[in-house]
Amino acid sequence: MLKTACEVIAEQGFGHTRTLDIARAAGVSQALLFYHFETKERLFAMAFGYAARQHLNALTDVEQSAGTPTDRLRSLLRLCSPAIPTEGWRLWIDAWSEAMRSTELEETSRRIDARGRTLMRGIIEAGVACGEFDCPDPDSTTWRLFALIDGLAVQTHAHPKVLSRRRVNVLIRSAAASELGCPRRSSECRDPHLFPVLLDSPYNYWARRGVHAMTSAPSSTAARERDEQVASRSAYRAVIERLSKASVDKHWEPYRDIPWDDPEFHVDQTDPRWELAGVDRLGGHPWYLSRSPEVRARIGLWRVATAMKIGLQFENLLKRGLLNYAYRLPNGSPEFRYVYHETTEEAHHGMMFQEFVNRTGLPIRGMPGPLSVVAQVAPWIPLISTELFFIFVLGGEDPIDHVQRRLLKDGRVHHPLEETIIRIHIAEEARHISFARHYLRNRVPRMPAYRRLLLGIASPIILGVMARIMLAPPGPMIRRFRIPASVVTEVYLRNPAARQEIRDSVGKTRELCAEIGLINPLTRRIWQVMGIWEAAAPSAPR
Ligand SMILES: [Fe+2]
Ligand SMILES: [Fe+2]
């Protein structure tokens, strides 16, 4: 209901939204709305609080993400970019206006603003400490950059025709460059990767497509855009080289780095640390809680082991696809080396996951048989479209990464073997996801329009199906423990939180697709039909 309220408010504004509009959109009576929220003001404040929580989660993800201060600053600026079309900014700007009259909204919006500034200041300070940035007063720089972002957001949303997206990004990029001691031209920048990829996608879209050559732009502009094209290509290449180097510097081998035979790492099916917690909604259901501790532990272990089995099957398809992609790469291609690093790491993950499954002693099956047969087409996708293949890659890796990160954050004491495996996996997957995202950012804007449209149509279908495969409850587990159909339906199928989990698990890929131009009114409808569209949450400003 709160999500629907956010959508209606973003569309109509706080001042023009009636409770009747929200009730109609949510398919409930006004009486029910007032029963839950008592007053309109309270409903608005709670709806805004909901959007704020989504954004706080996104900020926390940036804060906890692996990578250099440059990487994290880039992620933060993308998250806050006024150039990404989003209903989040409209809601936010409207909330600022209402905050002058509403104490609750003022408190919430001030808290989120402060959180965003604290995060940026911390990143800048970390960058100064390690020599990536040169900035004498990170606090003042933070205020200036956010003031610029906020001001540009108001301009671009209040007067949409005044500034192009590209211009907005160039303004922010240039300001960040000079504030952090980097000249604007990437060739002179201390970190050549920083600014070309800081906000690289929309601003140089037209430049990449060569439109500058057909327009009567001044020669200085044309020259600058040519520089940006070169900078963009060299930045992409630099990212791949950095990922390849990181794969050599920091990687794990399952049979060397995991003490499988340490008594503490022994897998006991009845260990209470396997019991499901809040991350899996079955863990809070009365049916589950009424089982004996041993059964609860076995169900939890079954769930973990199945996720690993499906993960290794997906990664098996992924490895074969990567090798099919690499087979055709020309000599000198930087992607070749990185793809081989990734394939090697995925081979280690497969061994690590299978060893875990073996040690559970449970009869774990992975994907259902028919699905497993259909999935055999996946390794051949690169022969049709490498862009589609990397959407498939993100479709599997993002939901796994999402669930594993949530597991580590749930505040429970985990079995040390589970925790070690998850930590290794998250660390190496961050590189794989980064490569897929950079590949798509580099390639998609240069695709012919009809291929981009086809990719935009296929992407939500692939992502919606894959998120469900990755998050669905295992059938053998349901049968083995005789979990009643009504419980399965209640917990996994007709549960708004389960649907939200599916939407959240593809959140980062959805934002990427929006950024690289794969979402338009037609394809957005497909995202909605697949149940993975989030109207209010993506990219709400800080
Ligand atoms: Fe993996
Ligand atoms: Fe991976």
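Model, not experiment: these values are computed from the prediction. Here the residue index of a chain counts from 1 through its sequence in written order. By the order in which they are written, chains take letters starting at A while ligands take numbers starting at 1. Thresholds applied to this predicted model are a pLDDT of at least 70 for local features of residues and 80 or more for the giving and counting of side-chain atom pairs; totals over whole chains, interfaces and linings are not thresholded and use all residues. The side-chain figures draw on all heavy atoms in the structure; neither hydrogens nor water molecules are used.

**Student:** Can you walk me through the overall build of the chain in this structure?
**Tutor:** Helix numbers and strand numbers start at the N terminus; a helix is a DSSP run of H or I with at least 4 residues, a strand a run of E with at least 2. Across its full length, the chain carries 27 helices and zero strands. Each residue's exposure class comes from its accessible area (1.4 Å probe, protein chains only) as a fraction of the maximum for that residue type: buried when under 20%, exposed when over 50%, partly exposed otherwise. In the chain, buried positions account for 55% of the 542 residues. A sequence separation of at least 24 residues applies to 77% of the contacts in the chain between residues at least 6 apart. With residues, only the protein chains shown are counted as cover, and all accessible areas are computed by Shrake-Rupley using a 1.4 Å probe. Carbon together with sulfur atoms contributes 56% to the accessible area of the chain, which is approximately 23,700 Å² in total. By the convention used here, residues are in contact when the closest approach between their heavy atoms is within 4.5 Å.

**Student:** Where do I start with the packing of aromatic side chains in this structure?
**Tutor:** Ring pairs (aromatic) are described by centroid distance and by the angle formed between their planes. Aromatic rings from Phe, Tyr and Trp, taking only the six-membered ring of Trp, are treated as a pair when their centres fall within 6.5 Å; an angle between ring planes under 30 degrees marks them as stacked, one over 60 as edge-to-face, and anything in between as tilted. One pass over the structure, following the stated rule, counts 14 aromatic pairs. When the centroid spacing of 5.9 Å and the interplanar angle of 35° are considered together, the rings of F389 and F392 count as tilted. With F389 and F392 both in helix α20 (residues 386-408), this residue pair falls three residues apart, about one helical turn. The class of F389 is buried, set by a relative accessible area of 0%. For the pair F390 and Y439, a centre-to-centre distance of 4.6 Å together with 40° between the ring planes defines the contact as tilted. You can see F390 sitting in helix α20 and its partner Y439 sitting in helix α21 (residues 416-443), a full 49 residues away along the chain. Judged by relative accessible area, F390 falls into the buried class, the value being 0%. A connected cluster of aromatic rings, assembled from ring pairs, spans F314, Y325, Y338, F389, F390, F392, F435 and Y439.

**Student:** Hey, could you run me through the coordination of the iron ion (ligand 1) in this one?
**Tutor:** Angles between donor atoms at a metal ideally measure 109.5 degrees for a four-coordinate tetrahedral arrangement and either 90 or 180 degrees for a six-coordinate octahedral one. Here the iron ion (ligand 1) is held by E315 (OE), E346 (OE), H349 (ND1), H425 (NE2) and E429 (OE), and the distances to it run 1.9 to 2.3 Å. Each metal's donors comprise the N, O and S atoms found within 2.8 Å of it (within 3.2 Å for Na, K or Ca). Water is not part of the atom list, so some coordination spheres may appear incomplete. Sequence spacing of the donors to the iron ion (ligand 1): E-x30-E-x2-H-x75-H-x3-E.

**Student:** Could you clarify how one ought to interpret helix α1 (residues 2-12) in this entry?
**Tutor:** In an α-helix, one full turn covers 3.6 residues, which means residues spaced three or four apart are oriented alike. The element α1 is largely enclosed, with a buried count of eight among its 11 residues. Considered for burial, the residues of α1 that qualify are L2, K3, T4, A5, C6, V8, I9 and A10. Phi turns positive, to about 85°, at G13, one or two residues after α1.

**Student:** Even after reading the chapter, I still don't get the confidence of the model for the chain, so can you show me in this structure?
**Tutor:** Detailed reading of predicted coordinates is not advised where the pLDDT is low. Across the chain, the average pLDDT comes to 83, with 88% of residues at 70 or higher. Note: pLDDT gives the predictor's confidence per residue, expressed from 0 to 100. Averaged over each element, pLDDT in the chain is lowest for helix α12 (residues 205-208) (31) and highest for helix α17 (residues 334-360) (97). Here residues 537-542 is a poorly scored stretch, pLDDT under 50, and it has 25 contacts once near neighbours within four places are set aside; other chains count.

**Student:** What exactly am I supposed to notice about the side chain of T19 here?
**Tutor:** With respect to the element layout, T19 can be found in helix α2 (residues 19-26). Judged by its relative accessible area of 8%, T19 falls in the buried class. Setting aside residues no more than four positions away along its own chain, T19 makes contact with Q30, L33, F34, K40 and L43.

**Student:** Would you mind showing me how to read the coordination of the iron ion (ligand 2) here?
**Tutor:** Those donors, E346 (OE), E397 (OE), E429 (OE), E429 (OE) and H432 (ND1), are the protein atoms that reach the iron ion (ligand 2), and they lie 1.9 to 2.4 Å from it. Counting gaps between the donor residues of the iron ion (ligand 2) yields the pattern E-x50-E-x31-E-x2-H. The metal-metal distance between the iron ion (ligand 2) and the iron ion (ligand 1) is 3.5 Å, with E346 serving as a donor to both. Linking E397 in helix α20 with H432 in helix α21, this pair joins segments that are 35 residues apart in sequence. Each member of the pair, E397 as well as H432, is classed as buried.

**Student:** Can you help me understand the packing of helix α3 (residues 30-37) against helix α4 (residues 40-64) in this one?
**Tutor:** The geometry of a pair of packed helices is captured by two quantities: the angle between their axes and the separation between those axes. Comment: axis = line fitted to C-alpha atoms, over the contacting stretch for helices; angle = value between 0 and 180 degrees taken between N-to-C directions. It is the contact of α3 with α4, at a shortest axis distance of 9 Å, that shows an interaxial angle of 75°. In terms of their interaxial angle, α3 and α4 are classed as roughly perpendicular. Contacts between α3 and α4 involve L33, F34 and F37 from the first element and K40, R42, L43 and M46 from the second. Residues are grouped as follows: Ala, Val, Leu, Ile, Met, Phe, Trp, Tyr, Cys and Pro are nonpolar; Asp, Glu, Lys and Arg are charged; every other residue, Gly included, is polar. When grouped by side-chain class, the residues that make up the contact of α3 with α4 number five nonpolar, no polar and two charged. In these notes the angle categories are as follows: under 35 degrees is roughly parallel, over 145 is roughly antiparallel, 65 to 115 is roughly perpendicular, and the rest is oblique.

**Student:** So what exactly am I meant to see when it comes to a nonpolar patch on the surface here?
**Tutor:** Taken together, the side chains of M1, L32 and Y35 present a nonpolar region at the surface, about 320 Å² in accessible area. As for its position among the elements, L32 is in helix α3. Only residues above 30% relative accessible area that lack a salt bridge enter a patch, with like-charged residues linked at up to 9 Å and the nonpolar side chains Val, Leu, Ile, Met, Phe, Trp and Tyr linked at up to 5 Å. Salt bridges are identified by distance alone: a Lys or Arg side-chain nitrogen within 4 Å of an Asp or Glu carboxyl oxygen.

**Student:** Is there a simple way to explain the pattern of salt bridges in this structure?
**Tutor:** Two side chains bearing opposite charge may form a pair once their charged atoms approach each other closely. For the structure on display, the rule yields 23 salt bridges. In this structure, the salt-bridge partner of E241 is R237, at a minimum N-O distance of 3.7 Å. With E241 and R237 both in helix α13 (residues 219-249) and four residues apart, this pair spans about one turn of that helix. As a salt-bridge pair, E387 and R443 come within 3.3 Å of each other at their nearest N and O atoms. Placement of the pair is E387 in helix α20 and R443 in helix α21, with a sequence separation of 56 residues. Where salt bridges share partners, they join D261, E355 and R359 into one cluster.

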